[in-house]
Structures are given as C-alpha cells and as structure tokens.
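Each chain, letter by letter, is given below.
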Amino acid sequence: MSQRSFVSRPARPALILGVSVAILSLGLSACSVSTSGTRKPSNGSRTPAASATADTQKQTHIGECFQFAPNEDSDDISVDCNQPHDGEYFHIFDFAGTNIPSDDEFDEESDEICGLIFEHYVGKPVADSTLDYDWFPPGPQTWAKGDHTVQCYVLTKDGSKLTGSARNSNM
C-alpha cells in the first residue's frame, strides 16, 4: 500500500458517502426549527407534560387521524380523516438511550424533529401555515417497559377541527 492512500479504490465511494452522511447529520442536528426561541403549542393542543403521564401508548400510524380522548385516562379515538378531527399523526420516532430524558430534553428534541418533518408532510413551513404541530412523548411507565416512541401530530393553530388530511395540503 502506498503512503498516499489508506483506502483501496473500490472502498473510496463508500467512504466518501459515509463521511458525507456524517457531515450532513451533524449539520442537521445543529439546525433549529423554532423561529422564536421556545415554540409554544397552540391553544387546541395538549401539552407534552400532560400526555407524558400516560401509562400506555396505542400503536399509531402516519396519516392516522384522531379525536382527543375525553380524559387523560383513555386513548385518543381514531377517525376517518374525512370526518372533522383534532389531529393527524405525521411522524413517529424513538428516543435512544436507557434513561428517560427530562421534560426539557423531550421538548427540545421533539420540537426539532417534529418541526423538520412537519414542512415535508404538510408542504409549508409551520411559520407560514394555518397548522401547528405537537407531540405525545412516552410516559415513565411505558419508557420503563422499553417503549420510547414519540408521536408527532398536526393540528390547527386556531383550535378548529381539521376536515381532511394535512398531508400535502399546503395549509
């Protein structure tokens, strides 16, 4: 092997791709989607702290529409997106690690991830949209059972009902 090359020719494209992905990931992790510091949920949303006490989370799917549960001891109610509804799931992800993050850590990470995906799902940045987003983090008991799922959902800024899917709505 020559002194000027530590990687074989066939391995170079994979190395370049890996380095590019690492650089892009670092750049995206430094991005912030909040335009005014800490994003505040809209009037019609549930706060993450209130939903973090839930003991269980039902299996949800991207594009699934729902009505908020009548109380925090019951699950949200899935409905057809053509019916008036409170929210629509647009991204689901898992927190890494074994220790449950603080509320601030949940909020910061969820705001960044949900905010980045919101624009791609709706077709418009949240600052220019009539829609907003929020999330349901896992509760302490579901975290202890290994469920680290965060569910991002879209809702209206004015608290009114959605009347169709928010996907590619440009609302």
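As a reminder, the structure under discussion sits directly above these lines.
Residues numbered from 1 in each chain as written. Predicted model: local features only at pLDDT ≥ 70, side-chain atom pairs only at ≥ 80, totals over all residues. Heavy atoms only, no water.

Engineer: When you look at the sheet that holds strand β2 (residues 77-79) in this model, what are you seeing that I'm missing?
Structural biologist: Two modes of strand pairing occur in sheets, parallel and antiparallel, and in both the strands are linked by backbone hydrogen bonds. In spatial order, the strands read β2-β1-β3-β5-β4; together these five strands make up an open sheet with antiparallel pairing. With one partner strand each, in any of the chains shown, β2 and β4 (131-136) form the two edges of the open sheet. Within this sheet the neighbouring strands show an average axis-to-axis angle of 40 degrees, counted without direction. Examined bridge by bridge, strand β3 (residues 87-94) and strand β5 (residues 149-156) share six bridges and lie antiparallel to one another. The partner of isoleucine 92 across the bridge, within β5, is glutamine 151. (Pairing = 2+ DSSP bridges. Helix = DSSP H or I, 4+ residues; strand = E, 2+ residues; numbered from the N terminus. Axes fitted to C-alpha atoms, helices over the stretch in contact; angles between N-to-C directions.)

Engineer: Before we go on, may I ask you to explain the nonpolar core in this structure?
Structural biologist: Here is a general trend for soluble globular proteins: nonpolar side chains tend to be buried in one another's company. In this structure, Phe90, Cys114, Phe118, Val122, Leu131 and Val154 are the most contacted members of the largest nonpolar core, which totals 17 residues. Elements supplying a minimum of two residues to this core: β3, α3 (103-122), β4 and β5. Counting residues per element, this core draws most heavily on α3, which supplies five residues. Once residues within four sequence positions are removed from consideration, phenylalanine 90 is found in contact with Ile62, Cys114, Ile117, Phe118, Tyr121, Tyr133, Cys152, Tyr153 and Val154. If you look at the next biggest cluster of nonpolar residues, it comprises six residues, including Phe66, Phe68, Phe136 and Leu155. (Core = buried A, V, L, I, M, F, W, Y, C linked by side-chain atoms within 4.5 Å. Buried < 20%, exposed > 50% of the residue type's maximum accessible area, 1.4 Å probe, protein only. Contact = heavy atoms within 4.5 Å.)

Engineer: Please clarify how the packing of aromatic side chains should be interpreted in this entry.
Structural biologist: For any pair of aromatic rings, the description consists of the separation of the ring centres together with the inter-plane angle of the planes. Summed over the entire model, instances satisfying the criterion amount to 14 aromatic pairs. Where phenylalanine 118 meets tyrosine 133, the ring centres are 5.7 Å apart and the plane angle is 45 degrees; that geometry is what we call tilted. A residue pair is termed long-range when its members are at least 10 positions apart, and phenylalanine 118 in helix α3 and tyrosine 133 in strand β4 qualify at 15 residues. Residues phenylalanine 118 and tyrosine 133 agree in their burial class; the two are buried. Aromatic pair phenylalanine 136 and tyrosine 153: ring centres 4.6 Å apart, planes at 25 degrees, arrangement stacked. Here phenylalanine 136 is found in strand β4, whereas its partner tyrosine 153 is found in strand β5, with 17 residues between them in sequence. Accessibility expressed as a relative area gives 5% for phenylalanine 136, which makes it buried. (Phe/Tyr/Trp six-rings, centres within 6.5 Å; stacked < 30°, edge-to-face > 60°.)

Don't take any of this as a statement about function, it's just geometry.
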